[in-house]
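Now for the letters of each chain:
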Amino acid sequence: MSQKVALVTGGSRGIGAACALALGRAGYKVAVHYRSGEEGAKAIVAELPAGQAKAYRFDLSDPAASQELIKAVKEDLGSLDVLVNNAGVAIDQVLAFAKPEDFDTLIATNLRPVFLLSKYAAKVMIRQRSGRIINLSSVVGHTGNAGQSMYAATKAAITGFTQSIAQELAAAGILCNCVAPGFIATDMTKDLKDEVKQAILTKVPLKRLGTPEDIAHAVEFLASDKAAYITGTTLHVNGGMYTT
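K.L.:
Can you walk me through the nonpolar core in this structure?
P.N.:
One broad rule of soluble globular proteins: the nonpolar side chains tend to lie buried together. Membership of the largest hydrophobic core comes to 32 residues, with the highest contact counts inside it found for Leu-23, Val-30, Val-179, Ile-215 and Val-219. For this core, the secondary-structure elements that each account for two or more residues are strand 1 (5–8), helix 1 (14–25), strand 2 (29–34), helix 2 (38–47), strand 4 (82–85), strand 5 (131–136) and helix 9 (212–223). With eight residues, the top contributor of residues to this core is helix 1. In this structure Val-219 touches Cys-19, Val-84, Ile-134, Leu-136 and Val-179, once residues within four positions along its chain are discounted. Residues Leu-60, Ile-70, Leu-117 and Ala-172 belong to the second largest nonpolar core, which totals 28 residues.

This is the structure in C-alpha cells:
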C-alpha cells in the first residue's frame, strides 16, 4: 500500500505544527501549509524523515488558493487521504464596537477556506472511495464567550458544516469530524494577562491550559483506522470545561 498523505493547514506553529508532527510520526506524508510562518513550516519538514513532508505557502483568504493547494498536494505527494482544516485567526471585540470588516476577515480566514478545501479535497477522496476531513472548531463555538461573538460564529458554523458533509460523503467512505479545543497554550493565549488566565482556569476542572499535543492526539486518532466508525461528531478536548 502507498503511504497515506495528510494536509494540515496553518501547520507552521501551535496546534497545526503539533498535528503535522503527530501525523508524520504516525507514518503519513505531510503537506505543511503556511501563510507567513515559513521558518516554522521548514522546521517541521526538517524534523520529519527526508521526503516525508513538504511545505506549501498559500494565502487561503484568496478563494482561488484552496483549489491550487489541493491540486499541488495531489500532484506532489500522489494522493490526499486526510485534510486537517486548522488555519484560523481570532479577532476579539464586544458587539457594540465590532467592525464589519473584522467579521469579513474572520469569515474569509476561518470559515470560507474550510468550505473550499473540503469541497476540493472531497473530489479527490470520492475518486479514492476513502478519506478523512477533520475540522478544528472551538469550545466557544458551543458555549459562546463575551467579546468573541464574531469568532464564535465562525467556529459554530464549522460544526454545522461538518455534520452536513459527513452525511453527504459517508457513502463514499469519507469520514468528517470536528475537534473542538478548549483554551490551549499557543500564540493566541500567551499574551493574556495573568488574571485572565486565572479566570479561565476556574472554569477548567483539570486546572491547566491544554497543549497543542493534546489536540494533535485527538486529530491523529480521528485520522486513524481506530476511528473508522466515527463521523459527523465533535471531539471536545477542553479539560472538562464543556461536555455534551
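K.L.:
Even after reading the chapter, I still don't get the pattern of salt bridges, so can you show me in this structure?
P.N.:
Any two side chains of opposite charge can pair if their charged atoms end up close together. Scanning the entire structure with this criterion turns up three salt bridges. One salt bridge connects Lys-42 with Glu-38, and the closest N-O pair in it is separated by 2.9 Å. Within this pair, Lys-42 and its partner Glu-38 are both found in helix 2, separated by four residues, close to a single helical turn. Given the relative accessible area of 38%, Glu-38 is considered partly exposed. Between Arg-208 and Asp-214 there is a salt bridge, with its nearest N and O atoms 3.1 Å apart. On the accessibility criterion, Arg-208 (41% relative accessible area) is partly exposed. We classify Asp-214 as partly exposed; its relative accessible area is 24%.

Calculation notes
Residues numbered from 1 in each chain as written. Predicted model: local features only at pLDDT ≥ 70, side-chain atom pairs only at ≥ 80, totals over all residues. Heavy atoms only, no water. Core = buried A, V, L, I, M, F, W, Y, C linked by side-chain atoms within 4.5 Å. Buried < 20%, exposed > 50% of the residue type's maximum accessible area, 1.4 Å probe, protein only. Helix = DSSP H or I, 4+ residues; strand = E, 2+ residues; numbered from the N terminus. Contact = heavy atoms within 4.5 Å. Salt bridge = Lys/Arg side-chain N within 4 Å of Asp/Glu carboxyl O.

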